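# What the coordinates show
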Amino acid sequence: MKNNSDTQPQQLKDDLKLNYGPNKKFVAICAGTGCRAYGSLKVKEALEAELKKQNMNVDVIATGCLGFCEKGPMVVIHPDKYFYQSVKVADVPEIVSKTVAKGEVISRLLYRHPETKKTMFREEDMPFYKKQLRVVFGSNGMIDPTKIDDYLVINGYQALGKVLSEMTPEGVINEVKKAGLRGRGGGGFHTAVKWEGVRKTAGEPKYVIANGDEGDPGAYMDRSLMEGNPHSIIEGMIIGGYAVGANEGYIYVRNEYPLAVTHLNIAIAAAREAGLLGKNILGTDFSFDIHINKGAGAFVCGESSALFASIEGRAGEPRAKYVHAVEKGLWDKPTVLNNVETWANVPLIINKGADWYSSIGTEGSKGTKIFSLVGKIRNTGLIEVPMGTTLYEIIYDMGGGITNGRKFKAVQTGGPSGGCIPESLLDIPVDFDKLYEVGSMMGSGGMIVMDDKSCMVDVARYFLAFLKEESCGKCVPCREGVRRMSDILEDICAGKGTEGDINLLENMSQAIADGSLCALGGSAPNPVLSTIKYFREEYEAHIKDHRCPAGVCKALITYSIDPEKCTGCGLCIKVCPTQATSGEKKKAHTIDNNKCTRCGACIESCKFEAINVK
Amino acid sequence: MMVNLTVDGKNISAPKGTMLLEAIRGAGIAIPTLCAHEAVSRSGACRLCVVEIKKGNRTRIVTSCLYAAEEGLIVDTKSERVLNVRRLVMELLLARCPESEVLQKMAKEMSVEVQPRFVADSDKGKCILCRSCVRVCEEVVGVSAIGLFSRGSDKTVGTPYNEKSDVCIGCGACVYVCPTGHIEMTSTGDKRKIWGRTFKMQTCDKCGKYFAPVDQLKFISKKTGVPMSELTVCTECR
């Protein structure tokens, strides 16, 4: 490849060093979608105004997601890297006058360990971050995703420069193969095998696609990458395009991710401007460009063939994939479809080498994985850990354990089509193969943590209701079968389950998994199968004893007030929307179960834990 | 070129590119289907034609109507997994379309009974959403007067917004390919009613019988360039 050294990313970066450097003073504020909802943009404005007022020439950069969403908005003061959490506009003048101006720490804004009560100054001291290895996601905190210069400073596009000047397409594929990169979107297919397939398949044009149709409830890893570091995805795609011989790429992203779309658009325009996208990239004869395709939010469009149909302008329905996308993908042309996170791993592999990459992780699963940690977990947020980290470490060390000191019951991994993993398996190392072995899957990396107040039948009911809505309706087993399974689960939760329902569900699961057209139906029974496998007694309690042991299924529970514990404070009377609670002041209250709707308002209000659910 | 494969222990051969469904049926082994109609492209929607294939050590369930015969493939058309899928599909369809005689007959042949745990639907008619009608209208007739709407269990077939279609020519091809007799078409005198629209019928210049909607003949005339005056004779008198 010919190339013009003047426009190499290294050169671009060197020019920028005048303005940036490790000792540069700046204030970073998390402005991912989550923190924006907390009001981080107002905090940013306040910071800028205050800095101006105090005559300080310090940049404030709105970064992408920093991961610790539980404590947003987060502000990090560089170069000292002091980490402030739950920052409000009112805190701003003090942050500027003390920390930015004098380097003094404001201890009330620091993270305080909930048990030891010790305050912690920096990310690396905090248990949430300590065991993480944030090679893909870590750059989020250092860059303004709307500025390409910020990405160049952290060695952005250097992998592309290396690939175009030193490597053959086969060499790139070999490096990715040696690294052992597997698809982060769910399937865990070997990325290099896909690339090799497309490279070798005759047929022009070829396409590369980034799948950003993240649709699992509670999962937002891909969104945070697209919002926080769009160039890493774009760089990965350009390298992929070079490796497989494609000149055109698509990013398929949900329209419900407006910030991701905006940042991707800005990044693509900037990359074009810098000669990193478009014709003759970096002066070579390789040309590549990227289009954004916005999806309308159908869960099934994350499935490869449905995604192609959607880009092609047809209804998002999958088709039988006996001929793979590698041969006939988008517009029946050879196509590489990789998840957003997979693409973001590519520049790292090129920059740091396959040996470095494959030294992270387990035998069959290399590198790191980003997980979203949600549900009844203390530290809600996004974490990136080496493959093989145990569920226990994720939930207890990083996640900080269960909220309100309750007991862990299960963790759902792999999104709606994943499975629920019980406490007895918390020691398993999380990788593609191990999760599959225990009846769940990696999926795109969603983890929903449940405590002992979660009813596992209700959880299965919830996921099947979701999948029933999201089935495209093309094939019978998924459209009709998932609906019938969902009906049966509704019945069980309503106390109308019948003897034989468990067997029927198991039987249907097998047939639906075998008979469905695509992976949505193929994995739809997983939440049911895994909850039956690990929590069968809960199903039996619902069906045989008309009892919901976790106290969730409203038709099967009654509320009562423990007269020993009730102080007669009257709070439950105040909060009850149906006037079911009554009683005189300072005397034990009672609940009229004919009026009670089991909404739980009284339980939440009662400070004495006097309300029993049975 | 021919490929050799084993189906239920029997060695058969079929031209390369033949779908398993045809290859297997060609060998005299019955495979049920509802959505594979010879007039239209295949969708793999009904899943009744599934078979279990073995390649190396790996077995999997595939739809025989879409999977091409391959050299050395070992096919089992009656494995437990296959029969389990077919049974569930039939049970689900019986619950969806309890009135369909076609499904009842088919179920009987397959020894599948109504699953009492599934509450029978009353709003789906006899439509199993095989989409043969949609495909014939698009691929053969070329008008796309009907399509699929909504998603999942709300999915329906019909004209856009269930309004009278102004592109429908009343040809009835959809009725012809429908495997369960869901689509209603009634003809009385010089009128034909289908998809909520009434079409005027043309009489045959020779025998005087009503034989086709005027709109259909106009469509053919426009498409082929044959003048209308030459199309007003029914096929029997031509």
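Nothing here was measured: the structure is a model prediction, and the numbers come from that model.

The rules behind each value
Residues numbered from 1 in each chain as written. Chains lettered and ligands numbered in written order. Predicted model: local features only at pLDDT ≥ 70, side-chain atom pairs only at ≥ 80, totals over all residues. Helix = DSSP H or I, 4+ residues; strand = E, 2+ residues; numbered from the N terminus. Rg over C-alpha atoms; globule rule 2.2 N^0.38 Å. Buried ≥ 20, exposed ≤ 12 C-beta atoms within 10 Å, placed from the backbone. Contact = placed C-beta atoms within 7 Å. Nonpolar A, V, L, I, M, F, W, Y, C, P; charged D, E, K, R; others polar. Pairing = 2+ DSSP bridges. Axes fitted to C-alpha atoms, helices over the stretch in contact; angles between N-to-C directions. Core = buried A, V, L, I, M, F, W, Y, C linked by C-beta atoms within 7 Å. Domains from an automatic or database assignment. Parallel < 35°, antiparallel > 145°, perpendicular 65-115°, else oblique. Left-handed = near helix turned anticlockwise from the far one by under 90°. Arc of directions from axis to C-beta.

## Some remarks on the overall build of chain A
- The number of helices and strands found in chain A is 24 helices and 19 strands.
- Radius of gyration (C-alpha) of chain A: 26 Å, near the 25 Å computed for a compact globule of 614 residues.
- Overall size of chain A, expressed as C-alpha extent along the three principal axes, is 85 × 65 × 40 Å.
- Here chain A holds 614 residues, and the buried ones make up 55% of them.

## A closer look at the interface of chain B and chain A
- Across the contact, 26 residues belong to chain B and 27 residues belong to chain A.
- For the side of chain B that touches chain A, the elements supplying multiple residues, two or more each, are β4 (58–63) and α2 (80–96) of chain B.
- Among the elements that line the side of chain B that touches chain A, the one with the most residues is α2(B), at eight residues.
- Looking at the side of chain B that touches chain A residue by residue, the class counts come to 15 nonpolar, five polar and six charged.

## Describing the sheet that holds strand β1 (residues 2–7) of chain B
Residue and element names in this part refer to chain B.
- As summarised here, the arrangement of the five strands in space is β2-β1-β5-β3-β4, forming an open sheet in which the pairing is mixed. The strands lining the two open edges of the sheet, one partner per strand, are β2 (10–15) and β4. Sheet twist, expressed as the average angle between the axes of neighbouring strands with direction ignored, equals 35°.
- Set on the sheet, α2 makes contact with β3 (50–55), β4 and β5 (74–76); between it and β3 the angle comes to about 155°.

## As for the pairing of β3(B)
All names here are of chain B.
- Sheet topology places β3 next to β4; six bridges connect them, and they run antiparallel. Bridge pairing in β4 places Lys 55 opposite Arg 58.
- Here β3 runs beside β5; their pairing, made up of three bridges, is antiparallel. Across the sheet, the residue bridging to Ile 53 is Val 75, located in β5.

## A word on the nonpolar core
- In this structure, Met74(A), Val75(A), Ile239(A) and Cys133(B) are the most contacted members of the largest nonpolar core, which totals 244 residues.
- Top contributing element to this core by residue count: α2(B), with nine residues.
- Those residues in contact with Ile239(A), other than ones at most four positions away along the chain, are Ala159(A), Leu160(A), Val163(A), Val172(A), Val346(A), Pro347(A) and Ile350(A).
- Residues Ile561(A), Cys566(A), Cys602(A) and Cys606(A) belong to the second largest nonpolar core, which totals eleven residues.

## What to know about the domain arrangement of chain A
All names here are of chain A.
- Entries for chain A in the domain assignment read domain 1 (25–78 + 82–121), domain 2 (148–358), domain 3 (377–451), domain 4 (456–544) and domain 5 (558–613).
- Just the C-alpha atoms count here: the centres of domain 1 and domain 3 sit 30 Å apart.
- Each partner contributes to the interface: domain 1 provides six residues, whereas domain 3 provides six residues.
- Of the residues in the side of domain 1 that touches domain 3, the class split is four nonpolar, one polar and one charged.

## Topic: the domain arrangement of chain B
All names here are of chain B.
- Split into domains, chain B comes out as domain 1 (2–109) and domain 2 (132–230).
- With centres defined by C-alpha atoms, the gap from domain 1 to domain 2 works out at 31 Å.
- Counting residues at the interface gives ten residues for domain 1, matched by nine residues for domain 2.
- Within the side of domain 1 that touches domain 2, the residues separate by chemical class into seven nonpolar, three polar and no charged.

## Topic: the packing of helix α19 (residues 476–493) of chain A against α2(B)
- Direction vectors running N to C along α19(A) and α2(B) enclose 70°, while the axes themselves pass 10 Å from each other. Here α19(A) lies roughly perpendicular to α2(B), going by the angle between them. In terms of crossing hand, the pair formed by α19(A) and α2(B) is left-handed. Residue-level inspection shows Val476(A), Pro477(A), Glu480(A), Gly481(A) and Arg484(A) of α19(A) in contact with α2(B), the latter providing Val85(B), Leu88(B), Val89(B), Leu92(B), Leu93(B) and Arg96(B).
- For the contact of α19(A) with α2(B), the per-class residue count stands at seven nonpolar, one polar and three charged.

## What about unusual backbone geometry?
- Looking along the chain, the bond that leaves Gly72(A) and enters Pro73(A) is cis, with omega of -10°.
- On the secondary structure map, Pro73(A) appears in the loop between β2 (59–63) and β3 (75–78).
- Across the junction of His78(A) and Pro79(A), the peptide omega takes the value 5°, indicating a cis bond.
- Tracing the chain through its elements places Pro79(A) in the loop between β3 and β4 (82–84).
- We note that Lys586(A) has phi near 65°; this positive angle belongs to a residue other than glycine.
- Following the sequence through the fold, Lys586(A) ends up in the loop between β17 (581–582) and β18 (590–591).
- Under the C-beta neighbour-count criterion, Lys586(A) is labelled exposed, with 10 such atoms within 10 Å.
- Phi is positive for Ser111(B), close to 55°, though the residue is something other than glycine.
- The topology assignment puts Ser111(B) in the loop between α3 (101–109) and α4 (132–141).

## Digging into the environment of Ala62(A)
All names here are of chain A.
- Structurally, Ala 62 can be placed in strand β2.
- In this structure Ala 62 comes out as partly exposed when scored by C-beta crowding, with 19 C-beta atoms within 10 Å.
- Expressed as a C-alpha distance, the spacing of Ala 62 and Lys 44, which sit 18 residues apart in the sequence, is 7.3 Å.
- Ignoring any residue separated from it by four or fewer positions in sequence, one finds Ala 62 in contact with Ile 29, Ala 31, Lys 44 and Asp 144.

## Observations regarding the environment of Thr6(B)
Residues and elements named next belong to chain B.
- Counting through the fold element by element, Thr 6 comes out in strand β1.
- With 14 C-beta atoms packed within 10 Å, Thr 6 lands in the partly exposed category.
- For the pair Thr 6 and Ile 53, spaced 47 residues apart in sequence, the C-alpha to C-alpha distance is 9.7 Å.
- Residue contacts for Thr 6: discarding those within four places in its chain leaves Asn 11, Ile 74 and Val 75.

## Some details on the environment of Lys468(A)
- Looking at the element boundaries, Lys468(A) is found in helix α18 (residues 456–470).
- Between the alpha carbons of Lys468(A) and Asp487(A) there is a distance of 9.8 Å; along the sequence they are 19 residues apart.
- Contact partners of Lys468(A), with chain neighbours within four places excluded, come to Val482(A), Arg483(A), Ser486(A), Gly152(B) and Ser153(B).

## Let's talk about helix α8 (residues 169–179) of chain A
Residues and elements named next belong to chain A.
- Buried residues of α8: Val 172, Ile 173, Glu 175, Val 176 and Ala 179, and no others. Projection of α8 onto a plane perpendicular to its axis shows the buried side chains occupying an angular sector of 160°, all on one side.
- As for α8, its buried residues are in contact with α7 (158–166), α9 (191–200), α11 (230–244), α14 (340–352) and α15 (354–358).
- Immediately beyond the C-terminal end of α8, within one or two residues, lies Gly 180, with a positive phi of roughly 80°.

## Observations concerning the sheet that holds strand β9 (residues 289–295) of chain A
Residues and elements named next belong to chain A.
- Strand order in the open sheet made by the four strands is β9-β8-β7-β10, with parallel pairing throughout. For this open sheet the edge positions go to β9 and β10 (335–339), each flanked by a neighbour on one side alone. Taken over all neighbouring pairs, the strand axes of this sheet differ in orientation by 20° on average, direction set aside.
- Pairing of strand β7 (residues 207–212) with strand β8 (residues 248–254), which is carried by six bridges, proceeds in the parallel orientation. If you follow Ile 209 over to β8, its bridge partner there is Tyr 250.

## Things to note about the packing of α18(A) against helix α22 (residues 526–544) of chain A
All names here are of chain A.
- Where α18 meets α22, the closest approach of the two axes is 8 Å, and the angle between their N-to-C directions is 135°. Comparing their axes, α22 and α18 come out oblique. In the crossing of α18 with α22, the sense of the turn from one axis to the other is left-handed. Two secondary-structure elements touch here, α18 through Met 456, Val 457, Val 459, Ala 460, Phe 463 and Leu 464 and α22 through Pro 527, Val 528, Thr 531, Phe 535, Glu 538, Tyr 539 and His 542.
- Taken together, the residues of the contact of α18 with α22 break down into ten nonpolar, two polar and one charged.

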